[in-house]
Amino acid sequence: METRIYAVTGAASGIGAATADQLAASGAKVIRCDVRDADVLADLTTPEGRDSLVSGVAAASGGRLDGVVAVAGLALPSDLTVRLNFFGTIATLEGLRPLLAAAEQPRAVAVSSLSAIVAADEGLARACLTMDEDAAATAARALVEAGHGRAVYPSSKLALNRWLRRAALSWAGAGIPLNAVAPGVVDTLTARAAFLDDPRTRALVAAAMPQPLGFPGPVDAVASLLAWTVSAANSFMTGQILYADGGAEATLRP
Ligand SMILES: NC(=O)c1ccc[n+]([C@@H]2O[C@H](COP(=O)([O-])OP(=O)(O)OC[C@H]3O[C@@H](n4cnc5c(N)ncnc54)[C@H](O)[C@@H]3O)[C@@H](O)[C@H]2O)c1
């Protein structure tokens, strides 16, 4: 069997690093992409960075990719979060799609978030889905200025879910399963710095996202699901938002 070749964004830390490690351990060739510490360096909040990603991965892959794992994301109350999580993720998937077309069993997956069903702002999600990046960035800044900066991140992920549900149909027509994995709270350094290390914030988040299987969850559990969605074994599932959240989505939407 031919060695599968994967591109993983956000591969320098957390969920992306764990997924890249698992894929590499399974014998695949992994092209690690990130804004730092990676094979392909690219800032996915900018058009130039997105171009660098595509040219860098094209060169490193030799022209064929078997899977794209789009993990890079930010959770800041900033328009950069919308630029990376929504527009940067779509640019990753669409930019690398021609390389997937050269594979026999191509797959793609993006990382969403449980928070999309908890705390999103409908207006910002809609602004993203107009596909006007500057207008969406302006809408994100307006939310921050109005004191609702915490809604920017979930909104970027809600918009991503909706985009993906629609896009998956055209991708399926081209024979490429396209899915999302939506983690609950998992134990990465970024999650620790953002809220896990502060007992008060940790308790607030744990109450808003009840995870009967454990809070926070293990990074490797999310990574192994991501790895499976881009494996050849996933030949029949597409357009799905897979909640890897210890039971939070089932609790919140019984
Ligand atoms: N940790 C959690 O609890 C959790 C929960 C739900 C969803 N997620 C999502 O999982 C993904 C990974 O999160 P994580 O917790 O592993 O965080 P992380 O900060 O460890 O990883 C994010 C990676 O993205 C990279 N990145 C940041 N800005 C970038 C840019 N402009 N261009 C390219 N790469 C950039 C970072 O360098 C980093 O390596 C994110 O999309 C996040 O929204 C995380």
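For the structure, check the block above.
Predicted, not measured: the structure shown is a model, and the values here were computed from it.

A.B. asks: What exactly am I supposed to notice about the overall build of the protein chain here?
C.D. replies: Helix and strand counts for the protein chain come out as 10 helices and seven strands. Its C-alpha radius of gyration of 17 Å places the protein chain within 12% of the 18 Å reference for a compact globule of 254 residues. Going through the 254 residues of the protein chain one by one, you find that 51% of them count as buried. Within the protein chain, contacts between residues at least 6 apart in sequence are counted, and of these 75% link residues at least 24 apart. Per element, the accessible surface of the protein chain, about 11100 Å² overall, is 56% carbon and sulfur. Of the charged side chains in the protein chain, 20 are positive and 24 negative, and the gap between their average positions amounts to 5 Å.

A.B. asks: Where do I start with the pattern of salt bridges in this structure?
C.D. replies: With the rule as written, the count across this model stands at 12 salt bridges. One salt bridge connects R141 with D79, and the closest N-O pair in it is separated by 2.6 Å. Within this pair, whereas R141 is found in helix α5 (residues 133–145), its partner D79 is found in helix α3 (residues 79–100), the two being separated by 62 residues in sequence. Between R192 and D187 there is a salt bridge, with the nearest N and O atoms lying 2.8 Å from each other. Look at R192 and you get partly exposed, because its relative accessible area is 35%. Accessibility expressed as a relative area gives 30% for D187, which makes it partly exposed.

A.B. asks: Is there a simple way to explain the site of the ligand in this structure?
C.D. replies: Near the ligand there are 29 residues, and of these S13, I15, D34, Y153 and T190 occur at the shortest range. Note that an oxygen atom of the ligand is positioned 2.6 Å from one of the side-chain N or O atoms of S13. For the ligand, a nitrogen atom lies 3.5 Å from a polar atom in the backbone of A42. In isolation the ligand has 820 Å² of accessible area, and contact with the protein removes 90% of it. Among the elements of the structure, α1 (14–25), α6 (152–173) and α7 (189–196) are those that each provide at least two residues to the shell around the ligand.

A.B. asks: Explanation requested: the sheet that holds strand β2 (residues 29–34) in the structure shown.
C.D. replies: Whenever strands of a sheet pair, they do so through backbone hydrogen bonds, lying parallel or antiparallel. One open sheet holds the seven strands; their spatial order is β3-β2-β1-β4-β5-β6-β7, and the pairing between them is parallel. Two strands in the sheet have a free side with no partner beyond their single neighbour: β3 (40–41) and β7 (241–244). Contacting β5 (107–111), β6 (178–183) and β7, α6 crosses the sheet at an angle of about 155° to β6.

A.B. asks: Looking at this structure, I do not really get the pairing of strand β4 (residues 67–70). What am I missing?
C.D. replies: The two faces of the sheet receive side chains in turn, since in a regular strand these alternate between them. Here β4 shows a buried face lined by G67 and V69 and a second buried face lined by V68 and A70. Sheet topology places β4 next to β5; four bridges connect them, and they run parallel. Paired with V69 across the strands is V109, a residue of β5. Each parallel crossover has a hand, and for β4 linked through α3 to β5 it is right-handed.

A.B. asks: Just to check I follow, could you spell out the environment of W163 for this structure?
C.D. replies: Position of W163 among the secondary structure elements: in helix α6. Judged by its relative accessible area of 10%, W163 falls in the buried class. Put simply, W163 and G239 are 76 residues apart on the chain and 9.8 Å apart in space, counted from C-alpha to C-alpha. Leaving out residues up to four positions away in the same chain, W163 has contacts with F86, I90, L93, E94, L129, M131 and L178.

A.B. asks: Teacher, can you tell me more about helix α9 (residues 219–229) here?
C.D. replies: At 3.6 residues per turn, the α-helix brings residues three or four places apart onto the same side. Among the residues making up α9, those that are buried are V219, V222, A223, L226, A227 and T229. All buried residues of α9 project into a common sector of 160° when viewed along the axis, lining one side. Summarising the contacts, the buried residues of α9 are in contact with α1, β4, β5, β6 and β7.

A.B. asks: Honestly, the side chain of N179 in this entry has me stumped. Any pointers?
C.D. replies: Looking at where N179 falls in the secondary structure, it is placed in strand β6. Classification of N179 as buried rests on a relative accessible area of 0%. Separated by 3.2 Å, the side chain of N179 and the backbone nitrogen of G239 make a polar contact. When neighbours within four sequence positions are excluded, N179 is seen to be in contact with A108, V109, A110, L164, N234, M237, T238, G239 and Q240.

The rules behind each value
Residues numbered from 1 in each chain as written. Predicted model: local features only at pLDDT ≥ 70, side-chain atom pairs only at ≥ 80, totals over all residues. Heavy atoms only, no water. Helix = DSSP H or I, 4+ residues; strand = E, 2+ residues; numbered from the N terminus. Rg over C-alpha atoms; globule rule 2.2 N^0.38 Å. Buried < 20%, exposed > 50% of the residue type's maximum accessible area, 1.4 Å probe, protein only. Contact = heavy atoms within 4.5 Å. Areas by Shrake-Rupley, 256 points an atom, 1.4 Å probe, with all protein chains shown as cover. Lys, Arg positive; Asp, Glu negative; His and termini not counted. Charge placed at Lys NZ, Arg CZ, Asp CG, Glu CD. Salt bridge = Lys/Arg side-chain N within 4 Å of Asp/Glu carboxyl O. Near = heavy atom within 4 Å. Polar contact = N/O pair within 3.5 Å; in protein donor to acceptor, adjacent residues only side chain to side chain. Pairing = 2+ DSSP bridges. Axes fitted to C-alpha atoms, helices over the stretch in contact; angles between N-to-C directions. Right-handed = clockwise from strand over helix to strand, strands pointing away. Arc of directions from axis to C-beta.

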